[in-house]
Amino acid sequence: MGKNEPKALAAARLATLRIDGDRLWRALMDLAKIGATEKGGVRRLALTDLDRAGRDLVVGWCRDAGLAIRIDRVGNIFARRAGRDARRRAVAAGSHVDTQPSGGKFDGNFGVLAALEVMRTLNDHGVETSAPLEVAIWTNEEGTRFTPVMMGSGAWAGIYGVDFIHAQRDSEGKTVGGELARIGYGGDAPMGGTAGGPGFDAYFEAHIEQGPVLEANGLPIGVVVGALGQNWYDVALEGMDAHAGPTPMALRRDAALGAARLIEAVNRIALAEAPDGRGTVGMVALKPNSRNVIPGFAQLSVDFRHPAADGLARMDAALRAVAADIGERGGIGVTVKPLVAFAPCVFDAGCAGLVRNAARELGLPHMDIVSGAGHDAVYVASVAPAAMIFVPCKDGISHNETEDARPEHITAGGNVLLHAMLARAR
Ligand SMILES: [Zn+2]
(Lines give C-alpha, C1' and ligand atoms only; values in the text may rest on other atoms or scores of the structure.)
Protein backbone atom coordinates (compact mmCIF):
# COMPACT_ATOMS: atom_id res chain seq x y z
CA MET A 1 0.00 0.00 0.00
CA GLY A 2 1.58 3.27 -1.11
CA LYS A 3 2.52 5.69 1.63
CA ASN A 4 0.84 8.67 -0.03
CA GLU A 5 -2.39 6.91 -0.94
CA PRO A 6 -5.44 8.87 0.28
CA LYS A 7 -6.89 7.34 3.46
CA ALA A 8 -10.36 6.62 2.04
CA LEU A 9 -8.89 4.76 -0.92
CA ALA A 10 -6.61 2.76 1.38
CA ALA A 11 -9.59 1.76 3.55
CA ALA A 12 -11.60 0.69 0.50
CA ARG A 13 -8.71 -1.47 -0.70
CA LEU A 14 -8.34 -3.09 2.72
CA ALA A 15 -12.07 -3.89 2.82
CA THR A 16 -11.71 -6.05 -0.29
CA LEU A 17 -8.78 -8.02 1.11
CA ARG A 18 -9.35 -11.82 1.41
CA ILE A 19 -7.21 -14.66 2.69
CA ASP A 20 -6.12 -17.49 0.39
CA GLY A 21 -8.49 -20.23 1.57
CA ASP A 22 -6.79 -22.94 -0.50
CA ARG A 23 -3.41 -22.12 1.03
CA LEU A 24 -4.90 -22.25 4.55
CA TRP A 25 -6.55 -25.60 3.81
CA ARG A 26 -3.28 -27.02 2.39
CA ALA A 27 -1.41 -25.88 5.51
CA LEU A 28 -3.98 -27.65 7.71
CA MET A 29 -3.63 -30.87 5.70
CA ASP A 30 0.20 -30.67 5.68
CA LEU A 31 0.37 -30.16 9.46
CA ALA A 32 -2.12 -33.04 9.95
CA LYS A 33 0.39 -35.44 8.33
CA ILE A 34 2.55 -35.14 11.45
CA GLY A 35 1.10 -37.73 13.81
CA ALA A 36 -1.58 -38.79 11.31
CA THR A 37 -3.67 -41.79 12.43
CA GLU A 38 -5.15 -44.53 10.25
CA LYS A 39 -8.68 -43.24 10.78
CA GLY A 40 -7.81 -39.78 9.43
CA GLY A 41 -7.16 -38.11 12.77
CA VAL A 42 -4.03 -36.81 14.49
CA ARG A 43 -2.14 -37.93 17.58
CA ARG A 44 0.42 -35.28 18.51
CA LEU A 45 0.74 -35.12 22.29
CA ALA A 46 2.35 -32.11 23.94
CA LEU A 47 6.18 -32.01 24.06
CA THR A 48 6.70 -35.31 22.22
CA ASP A 49 8.92 -35.71 19.15
CA LEU A 50 5.79 -35.30 17.01
CA ASP A 51 4.90 -32.05 18.79
CA ARG A 52 8.44 -30.87 18.06
CA ALA A 53 8.01 -31.78 14.37
CA GLY A 54 4.67 -29.92 14.23
CA ARG A 55 6.16 -26.86 15.94
CA ASP A 56 9.21 -26.94 13.64
CA LEU A 57 6.99 -27.02 10.54
CA VAL A 58 4.86 -24.05 11.66
CA VAL A 59 7.85 -22.06 12.94
CA GLY A 60 9.56 -22.62 9.56
CA TRP A 61 6.48 -21.27 7.79
CA CYS A 62 6.48 -18.26 10.13
CA ARG A 63 10.17 -17.55 9.38
CA ASP A 64 9.47 -17.85 5.65
CA ALA A 65 6.77 -15.21 6.13
CA GLY A 66 9.40 -12.90 7.64
CA LEU A 67 8.10 -13.17 11.21
CA ALA A 68 10.42 -12.83 14.20
CA ILE A 69 10.21 -15.81 16.59
CA ARG A 70 10.21 -15.57 20.39
CA ILE A 71 9.83 -18.53 22.74
CA ASP A 72 8.97 -18.11 26.40
CA ARG A 73 9.96 -20.21 29.41
CA VAL A 74 7.07 -22.66 29.07
CA GLY A 75 7.53 -23.12 25.32
CA ASN A 76 4.83 -20.75 24.06
CA ILE A 77 5.83 -19.49 20.61
CA PHE A 78 5.20 -15.92 19.38
CA ALA A 79 5.85 -14.97 15.75
CA ARG A 80 5.79 -11.21 15.23
CA ARG A 81 5.13 -9.10 12.16
CA ALA A 82 6.40 -5.60 12.84
CA GLY A 83 4.03 -2.64 12.82
CA ARG A 84 4.68 1.02 12.08
CA ASP A 85 4.46 1.88 15.77
CA ALA A 86 6.91 -0.28 17.72
CA ARG A 87 5.61 1.12 21.02
CA ARG A 88 2.18 -0.45 20.53
CA ARG A 89 1.35 -3.83 21.99
CA ALA A 90 0.76 -6.62 19.50
CA VAL A 91 -2.62 -7.61 18.12
CA ALA A 92 -2.28 -11.38 18.43
CA ALA A 93 -4.09 -14.49 17.24
CA GLY A 94 -3.43 -18.17 17.67
CA SER A 95 -4.29 -21.39 19.47
CA HIS A 96 -2.43 -24.70 19.96
CA VAL A 97 -0.88 -27.48 17.83
CA ASP A 98 -0.90 -30.30 20.41
CA THR A 99 -3.79 -32.76 20.05
CA GLN A 100 -5.77 -35.32 22.01
CA PRO A 101 -4.52 -38.96 21.80
CA SER A 102 -7.22 -39.62 19.20
CA GLY A 103 -7.68 -36.03 18.05
CA GLY A 104 -8.54 -34.34 14.78
CA LYS A 105 -6.95 -32.06 12.19
CA PHE A 106 -8.71 -28.84 13.19
CA ASP A 107 -8.88 -28.41 16.98
CA GLY A 108 -6.23 -25.78 17.76
CA ASN A 109 -4.42 -26.14 14.45
CA PHE A 110 -7.05 -24.04 12.68
CA GLY A 111 -6.52 -21.07 15.02
CA VAL A 112 -2.73 -21.14 14.58
CA LEU A 113 -2.75 -21.59 10.81
CA ALA A 114 -5.53 -19.01 10.29
CA ALA A 115 -3.32 -16.50 12.14
CA LEU A 116 -0.36 -17.44 9.91
CA GLU A 117 -2.59 -17.10 6.82
CA VAL A 118 -3.50 -13.56 7.93
CA MET A 119 0.23 -12.69 7.98
CA ARG A 120 0.81 -14.30 4.59
CA THR A 121 -2.14 -12.39 3.11
CA LEU A 122 -0.90 -9.06 4.45
CA ASN A 123 2.56 -9.81 3.05
CA ASP A 124 1.11 -10.68 -0.39
CA HIS A 125 -0.66 -7.32 -0.53
CA GLY A 126 2.07 -5.24 1.10
CA VAL A 127 -0.26 -4.09 3.90
CA GLU A 128 1.34 -2.37 6.88
CA THR A 129 -0.40 -2.09 10.23
CA SER A 130 0.17 0.40 12.99
CA ALA A 131 0.34 -2.19 15.79
CA PRO A 132 2.61 -5.22 15.44
CA LEU A 133 0.82 -8.53 14.79
CA GLU A 134 1.65 -11.86 16.40
CA VAL A 135 0.89 -15.54 15.87
CA ALA A 136 0.67 -17.28 19.28
CA ILE A 137 1.14 -21.05 19.68
CA TRP A 138 0.32 -22.13 23.25
CA THR A 139 1.97 -25.13 24.93
CA ASN A 140 -0.11 -28.13 26.02
CA GLU A 141 -3.66 -26.88 25.66
CA GLU A 142 -5.14 -30.38 25.72
CA GLY A 143 -3.78 -31.44 29.10
CA THR A 144 -3.68 -35.15 28.26
CA ARG A 145 0.01 -35.96 28.63
CA PHE A 146 0.60 -33.30 31.30
CA THR A 147 -1.91 -31.53 33.51
CA PRO A 148 -3.16 -28.86 33.98
CA VAL A 149 -4.95 -28.16 30.71
CA MET A 150 -4.28 -24.85 28.94
CA MET A 151 -0.90 -24.88 30.64
CA GLY A 152 0.95 -22.44 28.37
CA SER A 153 -1.71 -19.74 28.26
CA GLY A 154 -2.31 -20.15 31.99
CA ALA A 155 1.38 -19.54 32.73
CA TRP A 156 1.50 -16.64 30.25
CA ALA A 157 -1.39 -15.01 32.14
CA GLY A 158 0.29 -15.62 35.51
CA ILE A 159 -2.31 -18.16 36.70
CA TYR A 160 0.51 -20.72 37.14
CA GLY A 161 4.13 -20.17 38.10
CA VAL A 162 6.86 -21.28 35.68
CA ASP A 163 8.52 -23.55 38.27
CA PHE A 164 5.20 -25.27 38.99
CA ILE A 165 4.70 -25.91 35.26
CA HIS A 166 8.27 -27.20 34.77
CA ALA A 167 7.79 -29.70 37.62
CA GLN A 168 4.64 -31.35 36.19
CA ARG A 169 5.19 -35.00 35.25
CA ASP A 170 3.67 -37.36 32.69
CA SER A 171 2.75 -40.97 33.53
CA GLU A 172 6.37 -42.04 32.90
CA GLY A 173 7.73 -39.44 35.29
CA LYS A 174 9.14 -37.11 32.61
CA THR A 175 8.84 -33.43 33.50
CA VAL A 176 7.58 -30.53 31.41
CA GLY A 177 10.87 -28.69 32.00
CA GLY A 178 12.92 -31.69 30.86
CA GLU A 179 10.80 -32.34 27.79
CA LEU A 180 10.84 -28.66 26.78
CA ALA A 181 14.63 -28.70 26.86
CA ARG A 182 14.79 -32.04 25.03
CA ILE A 183 12.67 -30.88 22.09
CA GLY A 184 14.42 -27.49 21.96
CA TYR A 185 11.49 -25.31 23.00
CA GLY A 186 12.56 -24.16 26.44
CA GLY A 187 12.91 -20.45 25.66
CA ASP A 188 13.95 -17.48 27.74
CA ALA A 189 11.36 -14.85 26.83
CA PRO A 190 9.53 -13.56 29.93
CA MET A 191 5.93 -14.59 30.61
CA GLY A 192 4.27 -11.93 28.49
CA GLY A 193 0.92 -11.54 30.22
CA THR A 194 2.39 -10.99 33.69
CA ALA A 195 3.39 -7.65 35.21
CA GLY A 196 6.03 -5.91 33.08
CA GLY A 197 5.56 -8.34 30.17
CA PRO A 198 4.75 -7.19 26.63
CA GLY A 199 1.11 -8.36 26.92
CA PHE A 200 -1.26 -8.03 23.96
CA ASP A 201 -3.29 -5.11 22.66
CA ALA A 202 -5.88 -7.76 21.79
CA TYR A 203 -6.07 -11.51 21.20
CA PHE A 204 -8.33 -13.36 18.77
CA GLU A 205 -8.70 -17.14 18.55
CA ALA A 206 -10.40 -18.89 15.64
CA HIS A 207 -11.59 -22.39 16.53
CA ILE A 208 -14.02 -25.08 15.43
CA GLU A 209 -17.14 -24.92 17.60
CA GLN A 210 -16.79 -28.50 18.98
CA GLY A 211 -20.57 -28.46 19.39
CA PRO A 212 -23.63 -28.67 17.11
CA VAL A 213 -25.20 -25.21 17.37
CA LEU A 214 -23.79 -23.40 14.30
CA GLU A 215 -24.35 -26.43 12.05
CA ALA A 216 -27.93 -26.81 13.31
CA ASN A 217 -28.58 -23.13 12.56
CA GLY A 218 -26.85 -23.26 9.17
CA LEU A 219 -24.44 -20.45 10.12
CA PRO A 220 -20.75 -20.24 9.12
CA ILE A 221 -19.64 -17.92 11.95
CA GLY A 222 -20.12 -17.81 15.72
CA VAL A 223 -19.19 -14.61 17.53
CA VAL A 224 -17.97 -16.06 20.83
CA VAL A 225 -18.97 -13.67 23.61
CA GLY A 226 -17.82 -15.80 26.55
CA ALA A 227 -17.25 -19.25 27.99
CA LEU A 228 -19.28 -21.18 30.51
CA GLY A 229 -18.13 -21.21 34.10
CA GLN A 230 -17.68 -24.68 35.60
CA ASN A 231 -18.11 -26.24 39.04
CA TRP A 232 -16.97 -29.83 39.55
CA TYR A 233 -17.91 -31.92 42.61
CA ASP A 234 -17.46 -35.36 44.12
CA VAL A 235 -20.60 -36.54 45.92
CA ALA A 236 -20.40 -39.47 48.36
CA LEU A 237 -23.50 -41.30 49.67
CA GLU A 238 -23.12 -43.48 52.75
CA GLY A 239 -25.92 -45.94 53.57
CA MET A 240 -25.64 -49.53 54.78
CA ASP A 241 -24.91 -52.81 52.99
CA ALA A 242 -27.73 -55.30 53.59
CA HIS A 243 -29.17 -58.52 52.13
CA ALA A 244 -31.47 -57.95 49.15
CA GLY A 245 -33.98 -60.56 50.38
CA PRO A 246 -34.64 -60.28 54.09
CA THR A 247 -34.40 -56.46 54.31
CA PRO A 248 -37.87 -54.86 54.00
CA MET A 249 -38.12 -51.87 51.67
CA ALA A 250 -38.96 -49.43 54.47
CA LEU A 251 -35.84 -50.31 56.45
CA ARG A 252 -33.23 -49.91 53.72
CA ARG A 253 -30.46 -47.32 53.58
CA ASP A 254 -29.85 -47.71 49.88
CA ALA A 255 -26.98 -45.59 48.53
CA ALA A 256 -27.77 -46.57 44.90
CA LEU A 257 -31.31 -45.24 45.24
CA GLY A 258 -29.87 -42.01 46.61
CA ALA A 259 -27.49 -41.89 43.63
CA ALA A 260 -30.38 -42.36 41.20
CA ARG A 261 -32.28 -39.51 42.85
CA LEU A 262 -29.20 -37.33 42.67
CA ILE A 263 -28.64 -38.04 38.95
CA GLU A 264 -32.25 -37.10 38.24
CA ALA A 265 -31.90 -33.96 40.37
CA VAL A 266 -28.70 -32.82 38.55
CA ASN A 267 -30.63 -33.03 35.29
CA ARG A 268 -33.57 -31.08 36.78
CA ILE A 269 -31.28 -28.39 38.25
CA ALA A 270 -29.67 -27.81 34.85
CA LEU A 271 -33.03 -27.77 33.04
CA ALA A 272 -34.28 -25.15 35.50
CA GLU A 273 -31.49 -22.92 34.09
CA ALA A 274 -32.35 -23.66 30.44
CA PRO A 275 -30.98 -22.85 27.96
CA ASP A 276 -27.84 -21.72 29.84
CA GLY A 277 -27.28 -24.45 32.42
CA ARG A 278 -25.52 -27.79 31.92
CA GLY A 279 -25.51 -30.61 34.47
CA THR A 280 -23.73 -33.93 34.03
CA VAL A 281 -23.08 -36.98 36.19
CA GLY A 282 -20.29 -38.71 34.30
CA MET A 283 -19.00 -41.18 36.88
CA VAL A 284 -20.86 -43.50 39.27
CA ALA A 285 -19.30 -46.14 41.53
CA LEU A 286 -21.24 -48.45 43.85
CA LYS A 287 -19.99 -50.57 46.73
CA PRO A 288 -19.99 -53.47 47.13
CA ASN A 289 -21.48 -53.67 43.62
CA SER A 290 -22.95 -57.12 44.17
CA ARG A 291 -26.19 -58.42 42.65
CA ASN A 292 -27.88 -59.36 45.92
CA VAL A 293 -26.55 -56.67 48.25
CA ILE A 294 -28.23 -53.30 48.84
CA PRO A 295 -25.34 -50.92 48.12
CA GLY A 296 -24.09 -49.15 51.22
CA PHE A 297 -21.92 -46.66 49.36
CA ALA A 298 -22.06 -44.62 46.16
CA GLN A 299 -19.71 -42.05 44.69
CA LEU A 300 -20.70 -39.69 41.84
CA SER A 301 -19.13 -36.86 39.89
CA VAL A 302 -21.18 -33.73 39.19
CA ASP A 303 -20.23 -31.18 36.49
CA PHE A 304 -22.28 -27.95 36.40
CA ARG A 305 -21.73 -25.24 33.76
CA HIS A 306 -23.35 -21.85 33.33
CA PRO A 307 -22.38 -18.55 31.63
CA ALA A 308 -23.16 -16.47 34.74
CA ALA A 309 -21.71 -16.65 38.23
CA ASP A 310 -25.14 -16.23 39.86
CA GLY A 311 -26.43 -19.13 37.75
CA LEU A 312 -23.62 -21.34 39.02
CA ALA A 313 -24.36 -20.18 42.57
CA ARG A 314 -28.05 -21.14 42.19
CA MET A 315 -27.04 -24.57 40.88
CA ASP A 316 -24.64 -25.01 43.78
CA ALA A 317 -27.33 -24.12 46.33
CA ALA A 318 -29.84 -26.43 44.63
CA LEU A 319 -27.36 -29.32 44.67
CA ARG A 320 -26.73 -28.91 48.40
CA ALA A 321 -30.48 -28.70 49.16
CA VAL A 322 -31.17 -31.81 47.09
CA ALA A 323 -28.30 -33.67 48.77
CA ALA A 324 -29.71 -32.88 52.22
CA ASP A 325 -33.19 -33.98 51.15
CA ILE A 326 -31.93 -37.24 49.61
CA GLY A 327 -30.01 -37.98 52.80
CA GLU A 328 -33.04 -37.39 54.99
CA ARG A 329 -35.45 -39.39 52.81
CA GLY A 330 -33.13 -42.35 52.45
CA GLY A 331 -31.45 -42.46 55.84
CA ILE A 332 -28.07 -41.95 54.21
CA GLY A 333 -25.21 -39.52 54.74
CA VAL A 334 -24.53 -37.33 51.70
CA THR A 335 -21.31 -35.32 51.37
CA VAL A 336 -20.84 -32.76 48.58
CA LYS A 337 -17.17 -31.94 47.97
CA PRO A 338 -16.33 -29.12 45.50
CA LEU A 339 -13.30 -30.06 43.36
CA VAL A 340 -12.64 -27.39 40.72
CA ALA A 341 -14.23 -24.05 39.91
CA PHE A 342 -13.68 -22.02 36.74
CA ALA A 343 -15.41 -18.63 36.81
CA PRO A 344 -17.53 -17.79 33.76
CA CYS A 345 -15.59 -15.83 31.15
CA VAL A 346 -17.04 -12.78 29.41
CA PHE A 347 -14.94 -11.81 26.41
CA ASP A 348 -14.11 -8.17 25.73
CA ALA A 349 -17.10 -6.45 24.15
CA GLY A 350 -14.84 -4.39 21.89
CA CYS A 351 -13.04 -7.47 20.50
CA ALA A 352 -16.27 -9.44 20.11
CA GLY A 353 -17.73 -6.38 18.36
CA LEU A 354 -14.83 -6.39 15.87
CA VAL A 355 -15.53 -10.06 15.11
CA ARG A 356 -19.24 -9.33 14.63
CA ASN A 357 -18.51 -6.32 12.39
CA ALA A 358 -16.08 -8.31 10.29
CA ALA A 359 -18.66 -11.07 9.75
CA ARG A 360 -21.32 -8.49 8.84
CA GLU A 361 -19.10 -6.63 6.39
CA LEU A 362 -18.06 -9.90 4.76
CA GLY A 363 -21.74 -10.82 4.36
CA LEU A 364 -21.34 -13.92 6.52
CA PRO A 365 -24.41 -15.02 8.54
CA HIS A 366 -23.50 -15.25 12.22
CA MET A 367 -24.80 -15.50 15.76
CA ASP A 368 -23.49 -14.78 19.23
CA ILE A 369 -22.47 -17.97 21.03
CA VAL A 370 -20.99 -18.99 24.39
CA SER A 371 -18.25 -21.62 24.42
CA GLY A 372 -19.07 -24.72 26.46
CA ALA A 373 -15.41 -25.77 26.51
CA GLY A 374 -12.31 -24.10 27.90
CA HIS A 375 -9.82 -22.45 25.50
CA ASP A 376 -6.49 -20.61 25.70
CA ALA A 377 -8.42 -17.41 24.96
CA VAL A 378 -10.15 -17.75 28.35
CA TYR A 379 -6.84 -17.44 30.23
CA VAL A 380 -5.62 -14.69 27.91
CA ALA A 381 -8.89 -12.83 28.56
CA SER A 382 -8.02 -12.61 32.26
CA VAL A 383 -5.22 -10.12 31.44
CA ALA A 384 -5.89 -8.78 27.91
CA PRO A 385 -8.89 -7.96 25.70
CA ALA A 386 -9.83 -11.16 23.84
CA ALA A 387 -12.55 -12.81 21.80
CA MET A 388 -13.03 -15.93 19.69
CA ILE A 389 -14.42 -16.87 16.28
CA PHE A 390 -16.18 -20.23 15.91
CA VAL A 391 -16.81 -22.11 12.68
CA PRO A 392 -19.02 -25.22 12.44
CA CYS A 393 -17.57 -28.72 12.59
CA LYS A 394 -19.28 -31.78 11.14
CA ASP A 395 -22.00 -33.12 13.46
CA GLY A 396 -20.47 -31.01 16.24
CA ILE A 397 -17.85 -33.73 16.81
CA SER A 398 -14.38 -32.94 18.18
CA HIS A 399 -11.67 -34.66 20.27
CA ASN A 400 -12.22 -37.48 17.79
CA GLU A 401 -10.36 -38.73 14.72
CA THR A 402 -13.42 -38.10 12.55
CA GLU A 403 -13.41 -34.38 13.42
CA ASP A 404 -14.12 -32.53 10.16
CA ALA A 405 -14.87 -29.05 8.85
CA ARG A 406 -15.82 -27.62 5.46
CA PRO A 407 -13.24 -25.65 3.46
CA GLU A 408 -15.67 -22.75 2.92
CA HIS A 409 -16.22 -22.43 6.68
CA ILE A 410 -12.47 -22.52 7.34
CA THR A 411 -12.02 -19.77 4.74
CA ALA A 412 -14.87 -17.74 6.25
CA GLY A 413 -13.32 -17.97 9.73
CA GLY A 414 -9.94 -16.92 8.32
CA ASN A 415 -11.44 -13.88 6.64
CA VAL A 416 -13.26 -12.83 9.82
CA LEU A 417 -9.97 -13.16 11.72
CA LEU A 418 -8.17 -11.07 9.08
CA HIS A 419 -10.65 -8.20 9.29
CA ALA A 420 -11.04 -8.26 13.07
CA MET A 421 -7.23 -8.05 13.42
CA LEU A 422 -6.93 -5.33 10.76
CA ALA A 423 -9.65 -3.23 12.37
CA ARG A 424 -7.81 -3.40 15.69
CA ALA A 425 -4.27 -2.98 14.39
CA ARG A 426 -4.52 -0.37 11.63
ZN1 LIG B 1 -8.57 -26.51 21.07
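This report concerns the structure included in the present document.

About the cut-offs
- Residues numbered from 1 in each chain as written.
- Predicted model: local features only at pLDDT ≥ 70, side-chain atom pairs only at ≥ 80, totals over all residues.
- Heavy atoms only, no water.
- Helix = DSSP H or I, 4+ residues; strand = E, 2+ residues; numbered from the N terminus.
- Contact = heavy atoms within 4.5 Å.
- Areas by Shrake-Rupley, 256 points an atom, 1.4 Å probe, with all protein chains shown as cover.
- Phe/Tyr/Trp six-rings, centres within 6.5 Å; stacked < 30°, edge-to-face > 60°.
- Buried < 20%, exposed > 50% of the residue type's maximum accessible area, 1.4 Å probe, protein only.
- Lys NZ or Arg CZ within 6 Å of the ring centre and 35° of its normal.
- Axes fitted to C-alpha atoms, helices over the stretch in contact; angles between N-to-C directions.
- Parallel < 35°, antiparallel > 145°, perpendicular 65-115°, else oblique.
- Left-handed = near helix turned anticlockwise from the far one by under 90°.
- Nonpolar A, V, L, I, M, F, W, Y, C, P; charged D, E, K, R; others polar.
- Donors = N, O, S within 2.8 Å, 3.2 Å for Na, K, Ca; no water.
- Pairing = 2+ DSSP bridges.
- Right-handed = clockwise from strand over helix to strand, strands pointing away.

Focus: the overall build of the protein
Secondary structure summary: the protein contains 13 helices and 16 strands in total. Dimensions of the protein along its principal axes, counting C-alpha atoms only, are 95 × 45 × 45 Å. Expressed as a percentage of contacts within the protein between residues at least 6 apart in sequence, the contacts between residues at least 24 apart total 79%. Surface summary for the protein: the accessible area is close to 18,100 Å², and the carbon and sulfur share equals 53%.

Structural notes on the packing of aromatic side chains
Applying the stated criterion across every chain, the model contains twelve aromatic pairs. Here the aromatic rings of Trp 25 and Phe 106 are separated by 5.6 Å at their centres, their planes lie at 45 degrees, and the arrangement is tilted. Of this pair, Trp 25 sits in helix H2 (residues 21–32) while Phe 106 sits in the loop between strand E3 (91–95) and helix H4 (109–124), and the two are 81 residues apart along the sequence. On the basis of relative accessible area, Trp 25 is assigned to the partly exposed category, the value being 21%. Ring centres of Trp 138 and Trp 156 lie 5.5 Å apart, and the angle between their planes is 70 degrees; this geometry places the pair in the edge-to-face category. Here Trp 138 is found in the loop between strand E4 (133–137) and helix H5 (151–156), whereas its partner Trp 156 is found in helix H5, with 18 residues between them in sequence. On the basis of relative accessibility, which here comes to 1%, the residue Trp 138 falls in the buried class. Trp 156 gets classed as buried once you look at its relative accessible area, which sits at 2%. Its end group placed over the ring of Tyr 185, Arg 55 keeps NZ or CZ at 4.9 Å from the ring centre.

Quick notes on the packing of H2 against H4
Remark: H2 packs on H4, axes separated minimally by 10 Å, with the N-to-C direction vectors making an angle of 140 degrees. In terms of axis orientation, H2 runs oblique to H4. Viewed along their axes, H2 and H4 form a crossing whose handedness is right-handed. Across from Arg 23, Leu 24, Ala 27, Leu 28 and Leu 31 in H2, the residues of H4 making contact are Asn 109, Phe 110, Leu 113, Ala 114, Glu 117, Arg 120, Thr 121 and Asp 124. A per-class count over the contact of H2 with H4 returns seven nonpolar, two polar and four charged.

Structural notes on the coordination of the zinc ion
Around the zinc ion, the donor atoms from the protein are His 96 (NE2), Asp 107 (OD) and His 207 (NE2), and they sit 2.0 to 2.3 Å away. Here Asp 107 falls in the buried class, since its relative accessible area comes to 5%.

Some words on the pairing of E3
The buried count for E3 comes to five of five residues, which makes it a mostly enclosed element. Burial along E3 is two-sided: Val 91, Ala 93 and Ser 95 facing one way and Ala 92 and Gly 94 facing the other are all buried. One ladder, built from five bridges, connects E3 with E4; its direction is parallel. Following the sheet pairing, Gly 94 is matched in E4 by Ala 136. Traced from E3 through H4 to E4, the parallel crossover comes out right-handed. Relative to strand E5 (residues 202–208), E3 runs parallel, the two sharing three bridges. Its bridge partner lying in E5, Ala 92 is registered against Tyr 203.

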